[in-house]
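# Overview (structure and organization)
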Amino acid sequence: GTGWLAWFNKPGYYIGDAGLHERFGIPSLSMQDNGQGFRTVTKGIISEVTSWPSMLAAASSWSEAGTHRWAIALGKEFKIKGANVILGPGLNVHRVAL
């Protein structure tokens, strides 16, 4: 993607930026990862990020209303910070201990 400098992204860029077709009216995809909170790429935003319960914890509550409120709040925080795609983690619950 665009906006990377070695292992770090440049200021103003997200973890994934796909804005190559804005001239055709297609909005940029500003992807940010970490479903437990907006990824802190600079020290300046550490105090502005909420540490959310994991997706597995929300799902295991069996509360549709609670999970819905959690998802809305998580999405609002990402949208306020400019991201329009959340790259969520995989639920690694399929492991088999041998």
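Computed from a prediction, not measured in an experiment: that's the story for all the values here.

### Section: the overall build of the chain
Each helix and strand counted, the chain has two helices and five strands in total. Secondary structure elements of the chain occur, N-terminal to C-terminal, as β-β-β-β-α-α-β. Counting every position in the chain, which comprises 98 residues, the buried fraction comes to 22%. Counted over contacts in the chain with a minimum sequence separation of 6, partners at least 24 positions apart contribute 43%. Working note: accessible area of the chain is about 7400 Å², and carbon and sulfur atoms make up 63% of it.

### Some thoughts on helix α2 (residues 64-80)
For α2, with 17 residues, the first-to-last C-alpha span of 24 Å sits near the 24 Å given by 1.5 Å per residue. Listed as buried for α2 are Trp70, Leu74, Glu77 and Phe78. All buried residues of α2 project into a common sector of 95 degrees when viewed along the axis, lining one side. Opposite its buried face, α2 presents the exposed residues Glu64, His68, Arg69, Lys76, Lys79 and Ile80, each directed more than 90 degrees away. Buried residues in α2 make contact with β4 (29-33), α1 (55-60) and β5 (85-87).

Thresholds, definitions, all that
- Residues numbered from 1 in each chain as written.
- Predicted model: local features only at pLDDT ≥ 70, side-chain atom pairs only at ≥ 80, totals over all residues.
- Heavy atoms only, no water.
- Helix = DSSP H or I, 4+ residues; strand = E, 2+ residues; numbered from the N terminus.
- Buried < 20%, exposed > 50% of the residue type's maximum accessible area, 1.4 Å probe, protein only.
- Contact = heavy atoms within 4.5 Å.
- Areas by Shrake-Rupley, 256 points an atom, 1.4 Å probe, with all protein chains shown as cover.
- Expected span 1.5 Å × (residues − 1).
- Arc of directions from axis to C-beta.

Read these as spatial facts, not as claims about activity.
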